[in-house]
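Per-entry structural report
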Amino acid sequence: MARVALQSLTLLWAVTRTSTQTRSSCSVPSAEQPWVNGIQMIMENSVVNSTFPNPSILIAMNLAGAYNVEAQKLLTFDLMASDTAGLTAGQLALTIMALTSSCRDPGDRVLTLRTQMEKWTPSSLDSYASTFYGPSLAILALCQNNPEMTLPIAARFAKTLLADSSPFDVDAGAVATLALTCMYNRIPIGSEEGYRALFAELLKKIVEEISSRIRDNGIIGDIYSTGLAMQALSVTPQKPNKQWDCQQTVDTVLGEIKEGKFQNPMSIAQILPSLRGKTYLDVPQVSCGPDQEVQPTQSNSPSPVPTSASNITVVYTISNQLRGVELLFNATISVSVKKGSVLLVVLEEAQRRNPEFKFETTMTSWGLQVSSINNIAGNVNDKTYWQFLSGQTPLIEGVADYTPCDHEHITANFTQY
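All values derive from a computational prediction rather than experimental measurement. (Residues numbered from 1 in each chain as written. Predicted model: local features only at pLDDT ≥ 70, side-chain atom pairs only at ≥ 80, totals over all residues. Heavy atoms only, no water.)

This part is about the packing of helix H3 (residues 55–64) against helix H13 (residues 265–275). The geometry of H3 relative to H13 is characterised by a closest axis approach of 9 Å and an angle of 35 degrees between their N-to-C directions. Of the two possible hands of crossing, H3 and H13 adopt the one that is left-handed. For the pair formed by H3 and H13, the contact residues are Ser-56, Ile-57, Ala-60, Leu-63 and Ala-64 on the first element and Pro-265, Met-266, Ala-269, Leu-272 and Pro-273 on the second. The residue makeup of the contact of H3 with H13, split by class, is nine nonpolar, one polar and no charged. (Axes fitted to C-alpha atoms, helices over the stretch in contact; angles between N-to-C directions. Helix = DSSP H or I, 4+ residues; strand = E, 2+ residues; numbered from the N terminus. Left-handed = near helix turned anticlockwise from the far one by under 90°. Contact = heavy atoms within 4.5 Å. Nonpolar A, V, L, I, M, F, W, Y, C, P; charged D, E, K, R; others polar.)

Structure below.
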């Protein structure tokens, strides 16, 4: 009986996957492919100098087809050897999908994630919808591993989201759409029809919110949210209530690439699968062939500057001047790090030299992000967060990607948006 059910489920998955993935189509013109190749190389080359193994980058490499096989191997081995203790559900889910897309067994990580999600509850009944980003990734990873066991977890999650009145940001809505589409497509035959209706109802709500963020030029939300949104809108069984011109979105993104907007490895990791015609739903279908490095046609995109062994000095300030927040402070320290080090290394060195500069990080849709400094954490309900600036200019790259220069003054300022 179980074998028959499994065969039926596999057939249902094949049929629904084909129907959803062929509904929306767009592509990068062949003449523009070198620009996509160029940003992919920037992303892959960042692996060697990164102090943090980023699973999102490995997923993008595997979906797109890696050029730098050595970087692909290095990142795979780093993630296989990484300690999963203390990881959030979102971080663990990305690691599982990264290993799955590398044809590696994620092992007991799946059981750990399932246990986390069985115990999951929102932080409050009116949680801001962006906080569902990590749990949505968890549902997606579990769905790809075992949809039948994930069904009750996903149903409880869906009911929670339906009861939440907060608007979704584009990133969280896109990942939730991918997770729910996976579940919608893979509901085992014989399960209650109520599951399909539940997922369809929530998908309709989220897709309507995402489509309302489509701009006249095709960008969805902002340029850096567009990649995940493209994935979501291209596979969801619920059509957007606003007409979406996928090719216009691709053409606008290509224009932004030419303007140099995609230099951050994480931003590239989020846009690359869509430009290659892939989504996170393709993770279980990645074919892992023999190692073979193929260099793409070079584009005019700038190449990363080689790092040097010499040291630089970075001035680092932490500042909390928000009224109503306990422990006001403003402290500055100068630290010496190797030239080419990312900002995360600066923070780690400052913390090593002075415990007053202690910090904590979490994984977000943008990558590794500082969530707390001196036990003061950002709060979505209070709209507070730690903003990093170079001089007076806010950084657009994360601490694991931004590379400070000699004598640069970096400030972490606790602020509101």
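So, about the pairing of strand S6 (residues 384–390). Counting buried residues along S6, five of its seven residues qualify, which places the element largely inside the surrounding structure. Both S6 and strand S8 (residues 409–416) contribute to a ladder of seven bridges, which runs antiparallel. Bridge assignment links Gln-387 to a residue of S8, and that residue is Asn-413. Bridge count for S6 against strand S7 (residues 393–394) is two bridges, and the pairing is antiparallel. Bridged to Ser-390 within S7 is Thr-393. (Buried < 20%, exposed > 50% of the residue type's maximum accessible area, 1.4 Å probe, protein only. Pairing = 2+ DSSP bridges.)

Take the side chain of Thr-150 next. Structurally, Thr-150 can be placed in helix H8 (residues 147–163). Judged by its relative accessible area of 0%, Thr-150 is buried. Within polar-contact distance, the side chain of Thr-150 engages the backbone oxygen of Asn-146 at 2.7 Å. With near-sequence residues (within four places) excluded, Thr-150 lies in contact with Ile-139, Leu-142, Cys-143 and Met-183. (Polar contact = N/O pair within 3.5 Å; in protein donor to acceptor, adjacent residues only side chain to side chain.)

Right, let's talk about the packing of aromatic side chains for a bit. Under the definition given, this model contains eight aromatic pairs. Ring geometry for Trp-120 and Phe-132: centres 6.0 Å apart, planes at 65 degrees, overall edge-to-face. Remark: Phe-132 occurs in the loop between helix H6 (109–118) and helix H7 (133–145) and Trp-120 occurs in the loop between H6 and H7; sequence separation between them is twelve residues. Note on Phe-132: relative accessible area 1%, which makes it buried. Taking 6.1 Å as the distance between ring centres and 85 degrees as the angle between the ring planes, the aromatic pair formed by Phe-132 and Phe-157 counts as edge-to-face. Linking Phe-132 in the loop between H6 and H7 with Phe-157 in helix H8, this pair joins segments that are 25 residues apart in sequence. Phe-157 shares its class with Phe-132; the two are buried. Grouping aromatic residues by their ring pairs yields a cluster made of Trp-120, Phe-132, Phe-157 and Phe-168. Above the ring of Tyr-184, the side-chain terminus of Arg-196 is found at 4.8 Å from the ring centroid. (Phe/Tyr/Trp six-rings, centres within 6.5 Å; stacked < 30°, edge-to-face > 60°. Lys NZ or Arg CZ within 6 Å of the ring centre and 35° of its normal.)

The next thing to look at is the state of the cysteines. Under the defined criterion, the tally for this structure stands at three disulfides. Here Cys-103 connects covalently by a disulfide to Cys-288, the sulfurs 1.9 Å from one another. Around the S-S axis, the bridge from Cys-103 to Cys-288 shows a dihedral of about 90 degrees and counts as right-handed. Pair noted here: Cys-103 is in the loop between helix H5 (89–101) and H6 and Cys-288 is in the loop between H13 and strand S1 (311–320), with a separation of 185 residues, a long-range link. The partner cysteine of Cys-143 in its disulfide is Cys-182, sulfur to sulfur 2.1 Å. The chirality of the disulfide connecting Cys-143 with Cys-182 is left-handed, given an S-S dihedral of about -95 degrees. With Cys-143 in helix H7 and Cys-182 in helix H9 (residues 170–185), this pair connects stretches of sequence that are 39 residues apart. Taken in sequence order, the bonded cysteines of the protein link in the pattern 1-5, 2-6, 3-4. (Disulfide = S-S within 2.5 Å.)

Segments scoring low in pLDDT should not have their predicted coordinates read at a detailed level. Scored by pLDDT, the protein has a mean of 85; 84% of the residues are at 70 or more. Confidence over residues 1–23 falls short of pLDDT 50; this stretch has 29 contacts with residues more than four positions distant or in other chains. Contacts of residues 292–308 to residues separated by more than four positions or lying in other chains number 28 contacts, the stretch itself having pLDDT below 50. (pLDDT = per-residue confidence, 0-100.)

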